[in-house]
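# Results of the structural survey
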Amino acid sequence: MKSFVFVQLLLLGSFAVATLAQQCLPDNERIDCHPDKDDTEARCLQRGCTYCPASIPDQNTPTCFFPKNWGYKMVGEPVNTGHGFRVALERITTSTLFGGDSNELNVEVDFQSDYRLRVKITDNQPRWEVPLKIDPPATNATNPLYDVIFVNEPVFSLKVVRKATGTVIFDSSLGGFNFADQFIQIGIKLPSRNVYGIGENEQHTFRHSFEKRPLFGLWARDQPPNGNSNMYGVQPHYTVVENDGNTHSVAIVNSNAQEFEMHPSPGIVYRTIGGVLDMYFFLGPTPENTAQQYSEAVGRYPLPPYWALGFQLCRFGYRTLETMKATVDRMVAAEIPFDVQYGDIDIMEGNLDFTLSPSFAGLNDYVKELRTQGIKFMTILDPCISSVETPGTYRPYELGNEMDVWVKRADGVTPAQGKVWPAGACYFADFSKNSTREWWKILIKEFHDNMLEFDALWIDMNEPANFVDGDLEEGCDEGNSLNTPPYVPRSLLGDGKLYDNTLCPDHVDSLGKHYDTHNIYGLMEAEPTIIATQEAVGKRTFSLSRSSFLGLGRYITHWLGDNFSNWPNMHHSIIGMLQFNLFAIPFVGPDICGHLSNATAQLCQRWQELGAFYPFSRNHNADGYIEQDPAAFNGEIIESTKKALTVRYTLLPYLYSLLARHERWGDTVARPLWSNFPTDSIALGIDRQFMWGSGILITPVLEEDQTTVQAYFPDSRFYDYYTGAEVNVRGNYTTLDAPLDFINVHIHGGSIIVTQVPAINTDAQRNNPFGLILALNDNGEASGSYFYDDGISFDTVANHNYFIAQMSASNKTLNYVSWMNQYPGMGQMIVDTIRLLGASPAPTSITVNGAPHSNFTVLPSGEVLISGLNLTANVDFIMQYN
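Residues numbered from 1 in each chain as written. Predicted model: local features only at pLDDT ≥ 70, side-chain atom pairs only at ≥ 80, totals over all residues. Heavy atoms only, no water.

## Observations concerning the sheet that holds strand E21 (residues 312-315)
Spatially, the eight strands line up as an open sheet ordered E29-E28-E27-E23-E22-E21-E31-E30, and their pairing is parallel. A strand with exactly one partner marks an edge of an open sheet, and here the two such strands are strand E29 (557-558) and strand E30 (591-592). Pairing of E21 with strand E22 (residues 340-343), which is carried by two bridges, proceeds in the parallel orientation. By the bridge assignment, Gln312 is partnered in E22 with Val340. Here helix H4 (residues 321-333) sits on the sheet in contact with E21, E22 and strand E23 (376-381), set at roughly 165 degrees to E22. (Pairing = 2+ DSSP bridges. Helix = DSSP H or I, 4+ residues; strand = E, 2+ residues; numbered from the N terminus. Contact = heavy atoms within 4.5 Å. Axes fitted to C-alpha atoms, helices over the stretch in contact; angles between N-to-C directions.)

Below, the structure is given as structure tokens:
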């Protein structure tokens, strides 16, 4: 074990150490020593910090910054624990920022596997730690990809080094290390500027900018996109593509209010106001390896039902069942592919959970009717339960009282009161409590069995959102340090109030104080929701959550919240989708056409085209705005939506296979170009294009009145999805035609993509013939696989009740092998067509299993379309093209 770690002790002369505190550091080395408001030179010096003007103005460079000798030193030498090292630290700084500093710390370095490292720093005192389930790695550490180096001068710092290249992927010598009761900070030097992740915030570029030290605050909030402001979820996780293309990611398991400052060094300054520093490193080295390793730890998203991959439609504000029916009718009449209809909170009487409004009388019968047409129904639940209904009339509240399920005020006895969608006061359910989880399951199953036979549930307002600040009656006690901590991350909305539009931080649940548990509220609600929904429905289903935290994808998925109907939000939705794939929540998407404001016809047309390629594809808008389902617009928009969704439905078996790969291996589904081309310097900055897996490139139009689009193609073969023609540009941009009714889609050479004859919904499509797109690379080779099962049974992956075909092509021969043949339905399915792309010269003869096959056509684009194969899908075959 000692060979894994090199302990480095650097010594400086006493004069050098003594003068560090007075140094006027270069701008790009400074860490803010007065991150709170009202900084002055006097306050700065009182803290023991250095005050010095910035060299370059208007860059948000701090004038008050930490001296280099601020922090801790090692006590003795690191202790070998057999699976890592333990280091004792003592504080050498006598000054303080906010008080409560810990004088002694313990650093635990745990070599969990060759590719996973954990570093945990605590003060050996009882402190809040997130009860996050972390699964063990597949294998223990025998030959780690990393070294860990300890440095002790001028103060303690820690480095993580990639052994193969010597790249320092993490270096805490940036300075400013602080560990106090309500203020923890660590400065991290990074090996490159290719940094992605951290959420949930509206981010205008996928690759982070370090210009002017952007701040990203994390504190779950009912907040539509608003620059860097904190939004619905908390994902303290970032990914770095190193300068040589190697990739790593870091997750910080902390649920307190926190912020990430992008430091120009380049680096990150991480601050949190509670808990511990608990960091997991995932060494890759490829981008997909990194995603797989992270999802192995926090949990992978289970395969959704096949119908969930279809197009979905929702509106807050149907107001009557008749309006909902009219919307569905025009969608069906327009023959727009469509699988799921929603009912928002307005279907419920007085916006009360587990009720139905008289305006939606007959909804349950209608839901059953929809099911006969292949359309599923999904509805919503909020976590704040009305507490003012007439006694004996509202079972959720009364049963909740019996089972003692509510979040409490600071006294630990009285339920905290809030105000959300119901007309009066409401109580928040404490989902961290076993009795609450059981109460929730009882109500969900009763609602399904006795009132509305939904197929899936969506949980909203679970940051938790509150329309008042703190308690409806009492507000929040501003005299304690939980409700008014000495430091609140300055990037958070709410004018320094953690309780702005949510509960008081000193409110109590079964895990502890809301100060600590606020950010995991949605996570705690997720598991009982999906368990109860599955038990109620009796087959595979899925659930959506607006709030998220590390590990949410183990249970349910996330949509990107209440966005705006504008062109920038359409672009930013791609960034959010790619981020949540890195966060191990791959079945994700925004509200197509936007949720807030009125969508213009052209915006909705372009957004529906892009929306056909979100893994989770749903159009959803808010009350008070125009109808924006695609059938509500003119015929041109209807036709372009149908065209884009027809491509989606044709590719559904491929999308489903990607989601199955995620469940099994942790692969991303929608991914940036750099995930497949990590050494391509141009691809590292692209966020206006994305890929499905490694095989499909999508290039949407994201600006108004544009009928062309700039597209980047890495140095590889790509083919037009529609025509099969090879793109004549490599490693560069080109201009593509993009009329209003068209979205560009390309197939990556080297891929074999499974397709299926599309239909109006997945029920109608399930047994249609398959096809293959065989796209050759520079060597005339390609490979791929696809997964299929019944689409609705529980645990088909775990129980091996599925089919997988492995396909490879080389030397003008395609081999199709039934690798796993445990889904009986494949015996009734056929592979009927193959599109051969990139064969040059074009073949003049084709044989299938040694027999000549004459039903093929060489198209003007060079594509060879092979038809009428009628091959049983679970039987091996060989096709040769000469």
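## Thoughts on the sheet that holds strand E32 (residues 670-671)
Here five strands make up an open sheet; going across it, the order is E32-E33-E34-E38-E36 and the pairing antiparallel. Here the strands that pair on one side only, and so sit at the sheet edges, are E32 and strand E36 (718-720). In this structure, strand E33 (residues 690-692) lies alongside strand E34 (residues 696-699), joined through three bridges in antiparallel fashion. Looking across to E34, one finds that Trp692 is bridged to Ile696.

## Describing the packing of helix H12 (residues 635-650) against helix H13 (residues 652-665)
For the pair H12 and H13, the least separation of the axes is 4 Å and the interaxial angle reads 55 degrees. The pairing of H12 with H13 is recorded here as oblique in orientation. Along the contact surface, H12 presents Arg648, Tyr649 and Thr650, while H13 presents Leu652, Pro653 and Leu655. Here the residues of the contact of H12 with H13 are counted per class, giving four nonpolar, one polar and one charged. (Parallel < 35°, antiparallel > 145°, perpendicular 65-115°, else oblique. Nonpolar A, V, L, I, M, F, W, Y, C, P; charged D, E, K, R; others polar.)

## Considerations on the side chain of Glu261
Here Glu261 shows up in strand E18 (residues 258-263). Judged by its relative accessible area of 2%, Glu261 is buried. Here the side chain of Glu261 touches Arg271 through a polar contact of 2.8 Å, side chain to side chain. Not counting residues up to four positions away in its chain, the partners in contact with Glu261 are Arg213, Pro214, Leu215, Gly267, Ile268, Val269, Arg271 and Arg490. (Buried < 20%, exposed > 50% of the residue type's maximum accessible area, 1.4 Å probe, protein only. Polar contact = N/O pair within 3.5 Å; in protein donor to acceptor, adjacent residues only side chain to side chain.)

## With respect to empty space enclosed by the protein
Remark: the empty space left among the atoms is shown by a probe the size of a water molecule rolled over them. As enumerated under the stated definition, the model contains nine cavities of 30 Å³ or more in all. Of the pockets and cavities examined, the largest cavity occupies roughly 200 Å³. What lines the largest cavity is a set of 16 residues, and nearest its centre among them are Glu202, Met231, Leu560, His572 and Gly576. Here the residues of the lining of the largest cavity sort into six nonpolar, eight polar and two charged. Empty space within the second largest cavity amounts to approximately 80 Å³. As for the second largest cavity, its lining consists of 13 residues, and the residues nearest its centre are Thr239, Pro287, Thr290, Ala291 and Leu582. Secondary-structure elements contributing two or more residues to the lining of the second largest cavity are strand E16 (235-241), strand E17 (247-252), helix H3 (287-298) and helix H14 (673-676). Among the elements that take part in the lining of the second largest cavity, H3 stands out by supplying five residues, more than any other. Taken together, the residues that form the lining of the second largest cavity break down as five nonpolar, seven polar and one charged. (1 Å grid on protein atoms, 1.4 Å probe; cavity = no way out; pocket = protein on both sides within 12 Å on 5 of 7 lines; lining within 4 Å. Points joined across faces, edges and corners; volume = space filled by probe spheres on them.)

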